[in-house]
Structure formats: C-alpha cells, structure tokens
Amino acid sequence: MALFNKSKYLPLGLNIFRKKDDIVINKAVESHETEADEEAKTEEAVVSVKCRGCGKEITKTEAGRYKICPRCGKYFRLGARERIYITADRGSFTEFDAGMSAANPLGFPDYEEKIADMQKKTGIKDAVVTGKCTIGGQECVIGAMDSSFIMASMGSVVGEKLARAFEYAIAHKLPVVIFAASGGARMQEGIISLMQMSKTSAAAAKHSDAGGLYISVLTDPTTGGVTASFAMLGDIIIAEPKALVGFAGRRVIEGTIKQKLPDDFQTAEFQLEHGFVDIIVKREDMKDKLAELIRLHYGKGGGEQ
Amino acid sequence: MKAYDNVKIARQLARPTALDFINHCFEGFTELHGDRLFADDNAVVGGLAWFEGIPVTVIGIQKGKDTAENIKRNFGCAHPEGYRKALRLMKQAEKFRRPVICFVNTSGAYCGVGAEERGQGEAIAKNLFELSRLKTPIISIIIGEGGSGGALALATADRVWMLENSVYAVLSPEGFASILWKDSSRAEEAADIMKITAKDLYELGVIEKVIDEVPGGAHIDFEFTANLVKHNLETEIPALMALSPEELVEQRYKRFRGFGEYNE
Ligand SMILES: [Zn+2]
C-alpha cells in the first residue's frame, strides 16, 4: 500500500497550555514543531488558567503534567499534542499527514480564512493529529482530536486522517488508539462532513475485520457525529472521568422535552451506567492502562510478536 | 427555484411516505417488528416483500399522514431501537442474500432522554459500521428529508438516490443558521449555501441518481415518481446482485472512502 507516500513526518512539537475556548491564558507558549528540550521550555513559561470547576486561577505548575485542577480535581481539556505527549513514550511519536489542510468543498464563505486563523491560533492544521508511537513499549497507531480547533468538528481532514490511520494500522498489523473529542460535524463542509461518519466507520470496520484492536478513548466533550461514528466503535471504549459524552446537545434535548436535564446527564459515568463505556480511567492512569490493554492483545505469547 | 422551496416540498404533510413507496413498488409486504433488545420503534418500518419475483428486504423511516399517525411515528424521528431494528433486518437480508432497499425520510434521529440513555450515538455508529461491510446490496432512496446521521444510518449504501425535491443535509437549515449566525430565521439563506438539494448532491457526487417529480412535487402525481423508482430498481437490483459479496463490499468501501476534499 502506498498510502503514506505523500506524508511528511514532522517531529512532535510541544505546546502545553495553548489557547483554547475554555481556559484563560495569560501567556502562551509558542513552540510548534520543535522537539528541543520540552521540559525546560515549559518551565520557562509563566502560565495560569482559570479552572472551570472552581473558578480559581491555577498555575501551570499546580495543574501539573496532566492538567488537573489541584483544588477541585477538574480536568482541563488537552490539545492533541499535549495528549500525545502524555501518552506516547518519549521520542516514539512519528506524525502522519502533518501537512494536510482543509479545502473548501462547498465553497463556503470565509471558510479558508477561518481555517487559516485557527491554524495560526492553535499551531495544528486541523482538529486531529495522527501518527504512530509506542505506549509503554507497545507499538500502535494513535489519533488525538483537539477541541480548540473549531470544537474538533469533523470535516474532510479529520475523516481522511483517521481513515488513513486505520488503513496504516491494517497494513502494519497495529492496534489503533483514538482520543475522541468533538462538537460534531464541520458545518462549513456540509454533506461532505456527514460522509466522514461513514468513511471513518467503514475504515474502523475494515480494521476490525483484519483482526485489529481499536481502543476508543472518549474525552470531554465527545458529541454529535463523532459519537455517532468511530468514537462508539472501539472494541474497548474508555472514558475520562466526568467527560461530556452524548449524541444530541443538551440544549437541543431540553428544547425537545421542555425540561431541564440533570447535571450528570451525558457524562462518562452516565454512559458507563447505561452500558456504552467499558471503563472510566483517570488521566494519570491512562497510559499504563492503554499499554496493558494493547499487551493483552498483541503482547508476548498472544500476538504477532 | 430556491433550495428552501425544496425543503418546503420535502416536509409537506402530503409528501408520499416510505410505506407509500413500499406498497407501490413491491408486492406482498410482510412487516417485521422489533429490535429484539428493547422495543418496536414505529418510526422505522421494515420487512419482507417481492420485487419482480425476487425476495427483498425493505426498510423505511416513516412519517405520518396526519397528526395522529405522526404521533405514532414520532414524526419520523427514530429512537436507537429503530436503527437497531433496521440493522437486524439488514443482517437477516445478508444471511439470505436478499437485496435491501431503504426509503429515508426523517428530519433526524430523535433527540431525547430515552434516546440518549439507550445510546442513539452507538446505534447510528453501529449501523454505519455494519452497513459498510454488509455482504448484500443496499440501495437507499431519500424520498423527503434526509436529516443528518439519522438518515445516514440507513444510507450507507451501494447506491443512494434522491427524489428531485428531497433534501439531504448535515443538519436542518434552521439549525445551521442558528449555529452559524445565531439566527434560525435565516434558514432560507442557509439552505442556499448548504448544498442540500438533489441536484446539488448529484453534482457533488454524493448521490448516483435524481428521480424526477412532476412540477409542484411527488404528491401531485405519486404514480409518476413511484414508477420511476420501480424502473430504476428493475435495472439496479440485478446489476448489484451480479457482483460477488466481496466486490460489493469493496466498491461500497471505495464509495465512502472517496468523500472529502483536502490539500496536502
Ligand atoms: Zn478547580
């Protein structure tokens, strides 16, 4: 298969505390596509964020490597590169399709400008970063969505990168781990964005038919067309504690039923209770759990190796 | 004609329903009920029928003809059990190598508490996953509204056709306008830029065929449109049945794999 002949593998840049919708940035680190001493770089940055849980200003040092509020335990949303940084073994990540960028299939007004603006603000080309890496020594294909990029809406780039990730995994007999996060479809790509749901689901099915393990990790927020496609198709579905996970938006449902919904509606815990999530795993335990699950399927004595 | 005029025609109460087409195009429809897991969803109808002497599986999302029927049909908005019933019938069709013909007419999957509790997202996702590899032909016809994932769950098919005045979109023009401009009254404007008409989607390569309606809409001369549907099925069903299950699945994979535009 010559699926990746055009892709350029770029080193993983670290960008902790990048600007996002839900946290206030006092001073952001701008260090894309460099892999120089990452630890040192974050040390220099003076950054604090306002916690959405308790409203307190939390410094980077207090939030720590996993970006968890030390006062109330609230998880801050992670960018795609931050996610990969805490998940992949150091230096093991090779990015796929790093240069892929949105076209404008419907000729939607101002879409190119919007994309260019988001690329500049976030340092990523679109709402998912994919590649291969090892997790606790276990080789896998990884994808991480980034809610700071147009709410991680799924358009052609997200669909194409994920489909290629599954196809790469089929060709190389690798498991796939995808950290889902999404507000739903990329409105500006209309029906083409809808088609990405079938495209990614079909790729997941093909990978499954080839005997591949797919672990889907649902992070805050996973909704809409992503919930209704690849995010819910893992052989194993993990969620982060308290993550919003659902299909329809809360306001849409409240509008339909003319009632307020309880606070715990559409949480990871709600999904577990209703049978749609296998396990809830804390952020600081995620890497070890993923490594263990992959080892159970591909490790010594049971798989290819 | 503006795109929103199609939206209005597609949503008319007099618009021919899935059962109208099922009863006109097929013989001896035996309806089968239930998803075997939770309930029977009246928004989705499905079962067995004959088409030109061959057994087929037919499935439709059914809107009501009047208020009473609309309440029974939940206005054509399926719950997870509706999608699971559809999948059950499609897996049954696969087992017996029957072609599947779907008639899609929904403003979208139902958004409610029970739907979320029973996994609306998972139900749709599972349909996309299973339909993409179903080893029997699937033809889906959008006959009115093709509302987002709720329509796609019955339209991950080998051939997707649309009636001339039907629409197929990622969300309603009202929803689109309210998300993008915080103003649902700009729906007509939204409809124009969204590319939701049969003609637009044919040009985009999202569908294979546009089926004509008489001026004003299919309700004015239902037989005209229903006969065209039937004639098209007469050629397409045998053509798809001639393919091996592997060829069929591979072509369907390629059909969906090809959607998307990007720069690299
Ligand atoms: Zn806090």
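Scroll up to find the structure this text is about.
What you see is a predicted model, and the numbers here were worked out from it, not measured in a lab. (Residues numbered from 1 in each chain as written. Chains lettered and ligands numbered in written order. Predicted model: local features only at pLDDT ≥ 70, side-chain atom pairs only at ≥ 80, totals over all residues. Heavy atoms only, no water.)

**Q** Describe the overall build of chain B, listing the residues and the values that go with them.
**A** Within chain B one finds twelve helices and nine strands. Against the globule reference of 18 Å for 264 residues, chain B gives a C-alpha radius of gyration of 17 Å, in line with a compact fold. On the principal axes, the C-alpha backbone points of chain B span a range of 50 × 50 × 40 Å. Across the 264 residues that make up chain B, the buried fraction comes to 59%. Within chain B, contacts between residues separated by at least 24 positions form 71% of all contacts whose residues are at least 6 apart in sequence. (Helix = DSSP H or I, 4+ residues; strand = E, 2+ residues; numbered from the N terminus. Rg over C-alpha atoms; globule rule 2.2 N^0.38 Å. Buried < 20%, exposed > 50% of the residue type's maximum accessible area, 1.4 Å probe, protein only. Contact = heavy atoms within 4.5 Å.)

**Q** Hey, could you go over the coordination of the zinc ion for me, with residue numbers and the actual values?
**A** Residues and elements named next belong to chain A. Those protein atoms acting as donors to the zinc ion are C51 (SG), C54 (SG), C69 (SG) and C72 (SG), and they sit at 2.2 to 2.4 Å. Donor residues for the zinc ion, ordered by position in the chain, follow C-x2-C-x14-C-x2-C. Pair noted here: C54 is in the loop between strand 1 (48-50) and strand 2 (57-59) and C69 is in the loop between helix 2 (60-63) and helix 3 (80-87), with a separation of 15 residues, a long-range link. Exposure remark for C54: the relative accessible area of 30% places this residue in the partly exposed category. (Donors = N, O, S within 2.8 Å, 3.2 Å for Na, K, Ca; no water.)

**Q** Just give me the short version of the interface of chain A and chain B, but keep the residues and values in it.
**A** If you look at the interface, chain A gives 56 residues, while chain B gives 47 residues. At the boundary of chain A and chain B, one finds five salt bridges. Close ionic contact of R133 of chain B with D209 of chain A constitutes a salt bridge, the shortest N to O distance being 2.5 Å. At the boundary of chain A and chain B, one finds 19 residue pairs in polar contact (both at pLDDT 80 or more). Sorting the residues of the side of chain A that touches chain B by element identifies strand 4 (101-102), helix 5 (156-171), helix 6 (190-209) and helix 8 (250-257) of chain A as the ones contributing at least two each. Tallying contributions element by element places helix 6 of chain A first for the side of chain A that touches chain B, with 18 residues. Residue composition of the side of chain A that touches chain B, by class: 32 nonpolar, 16 polar and eight charged. Taken together, the two bridges between strand 4 of chain A and strand 9 (residues 262-263) of chain B define a ladder with antiparallel strand orientation. Among the inter-strand pairings, S101 of chain A is bridged to a residue of strand 9 of chain B, identified as N263 of chain B. (Salt bridge = Lys/Arg side-chain N within 4 Å of Asp/Glu carboxyl O. Polar contact = N/O pair within 3.5 Å; in protein donor to acceptor, adjacent residues only side chain to side chain. Nonpolar A, V, L, I, M, F, W, Y, C, P; charged D, E, K, R; others polar. Pairing = 2+ DSSP bridges.)

**Q** Could you give an account of unusual backbone geometry, naming the residues involved and the relevant values?
**A** The residue after D220 of chain A, namely P221 of chain A, is reached through a cis peptide bond having omega -10°. You can see P221 of chain A is positioned in strand 8 (residues 214-222). The phi angle at I150 of chain A is positive, at roughly 45°, despite the residue not being glycine. Structurally, I150 of chain A can be placed in the loop between strand 6 (138-145) and helix 5. You will see that N74 of chain B, though not glycine, has its phi angle at about 55°, which is positive. Along the chain, N74 of chain B turns up in the loop between helix 3 (67-72) and helix 4 (80-95).

Geometric values such as these leave the question of function open.
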